[in-house]
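Examination of the molecular architecture
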Amino acid sequence: MSTVAKPLAGIKVLDISRVLAGPWCGQMLADMGAEVIKVERPQSGDDTRHWGPPWLSGSTESAYYLCANRGKRSVTVDMAKPEGQALIKQLAAQSDVVLENFKVGGLKKYGLDYASLKALNPGIIYCSITGFGQESPYAHRAGYDFMIQAMGGIMSLTGKPDSEPGGGPVKSGVAFTDIFTGLYAANAVLAALYQRRDTGEGCHIDLALMDVQVGVLANQALNYLTSGQVPQRLGNAHPNIVPYQAFATADGHMIVAVGNDEQFKRFCLVIDQPQLAQDERFATNGSRVQHRETLVPMLELALASQPTDTWLSAFEAVGVPCGPINTLDRVFDDPHVKARGLKQTLPHRQAGEVHLVANPIRINGESISASTAPPTLGEHTDSVLDAIGITDEQRLALRQAGII
């Protein structure tokens, strides 16, 4: 957003989280204009810096780390040492928001818990991200995305039925729960900032991966709560809409997403089966869902007769939602992805440049993505500490002692 100030310009965020959920929240706030200071361990930094290959050519950065840390400033501080704790407290005293994802109670021994930092800065908004929240029978447990996907139900809904070849529970191809938690955290921080504007008071935000996973079960949760019937895995099919799934074609696969009865009529005309739309078993979505096992094999047979591109052109011409199943090389070569600028290239201190995925939010026609690459480890330690009054001599002594 080059022509106007970003929405969070002037907001300072102290990000002492690591891995994905917390950093994803911090990246979102950085994209919106907040100054986000990422506190990392000296020498090693965020765990994800080492989660490779692949590595960014010409640098020591992993692709995993690069996905969640755009627009931040990196400071290395050893919070296990009293001198390091003092530095983080100084930074927190001048911050609006603190992000952390340590185990419940893990920061209290360092004097970096909510109560301790609130005493220094009553307006602080302190966002804690844990596996199971601050108050839970499982509060003491560590929480990892894969484990939470299993416990929170999404894996019971993802994958082919047990009765089919290759059947069984499957996790999402990306860290689904971590990313959703980061987005919920960013929303909560924005709400807390808005509330503080009116009340002058900060707050403690308590986000649990498990809560978020249950929260995004969406229609499937309500399918169960409404009917009492436990939803089962349907592969690429939809529990509430038919046809809404992947189909094999003469040369590959495609997605058909028929959302209403009028679209189904047009779909049937394209596949040269107009009588299906007149059949009382298939005329309405409810009846199609009820008779899924009869209808879908008929559609599979029809769609297998032509190549994918032939069907895509025909369906698009009459407004039937459909699409190819793209690999990532085709995704980033797609005209839409190019036109919307979803591949972002930024200067990088070590590698010269880095390719990133831009924030998808656009305001007044402009992307809100931050304009600086994910920082190298400790890249901004001197400048950030200088801003809170730490002199060159003090920084030298801290560095020699391994504090920064």
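Each residue is numbered by its place in its chain's sequence as written, counting from 1. Note on the predicted model: pLDDT of at least 70 is required for a residue's local features to be given, and 80 or more for side-chain atom pairs to be given and counted; whole-chain, interface and lining totals, by contrast, use all residues. Side-chain measures were taken over the full set of non-hydrogen atoms in the model, leaving aside hydrogen atoms and water.

1. Some words on the packing of aromatic side chains
Aromatic rings in a pair are described by how distant their centres are and how their planes are angled relative to each other. Quick note on the threshold: Only the six-membered ring of Trp is used, alongside the rings of Phe and Tyr, when aromatic pairs are assigned; centres must lie within 6.5 Å, and planes under 30 degrees apart are stacked while those over 60 apart are edge-to-face, with the rest tilted. To qualify as a helix, a DSSP run of H or I must reach at least 4 residues; to qualify as a strand, a run of E must reach at least 2; elements of each kind are numbered from the N terminus. Throughout this description, buried means an accessible area under 20% of the type-specific maximum (1.4 Å probe, protein chains only), exposed means over 50%, and partly exposed covers the range between.
By the definition in use, this model includes 7 aromatic pairs. Judged by centre distance (5.7 Å) and plane angle (55 degrees), the ring pair of Y114 and Y126 falls under tilted. Highlighted residues: Y114 in helix 4 (residues 114-120) and Y126 in strand 5 (residues 125-130), separated in sequence by 12 residues. Residue classification places Y114 among the buried positions, given a relative accessible area of 16%. An aromatic cluster of at least three residues, connected via ring pairs, comprises F264, F267, W311 and F315.

2. Considering the side chain of H348
Let me state the cut-off plainly: Two N or O atoms count as a polar contact when they lie within 3.5 Å, although within protein this holds only if one can serve as hydrogen donor and the other as acceptor, and sequence-adjacent residues are included solely when both atoms are side-chain atoms. The contact definition used throughout considers only heavy atoms, calling two residues in contact when any of these lie within 4.5 Å.
Its place among the elements puts H348 in strand 10 (residues 343-348). For H348, the side chain forms a polar contact with the main-chain nitrogen of Q350, separated by 3.1 Å. In this structure, H348 is in contact with L56, S59, E61, E353, V354, A373, P374 and T376, ignoring residues within four places of it in sequence.

3. Some details on the side chain of E40
Summarising the element assignment, E40 is placed in strand 2 (residues 35-40). Judged by its relative accessible area of 3%, E40 is buried. For E40, the side chain forms a polar contact with the side chain of R49, separated by 2.7 Å. Sequence-distant contacts of E40, defined by excluding residues within four places in its chain, comprise G45, D46, R49, S74, V75, T76, V77 and L377.

4. Focus: unusual backbone geometry
Looking along the chain, the bond that leaves G52 and enters P53 is cis, with omega of 5 degrees. Here P53 lies in the loop between strand 2 and helix 2 (63-66). For D272, which is not glycine, the phi dihedral falls at a positive 65 degrees. Along the chain, D272 falls in the loop between helix 10 (261-270) and helix 11 (275-278). Of note in this structure, N364 is not a glycine but carries a positive phi near 50 degrees. Classification of N364 by relative accessible area gives exposed; the value is 73%.

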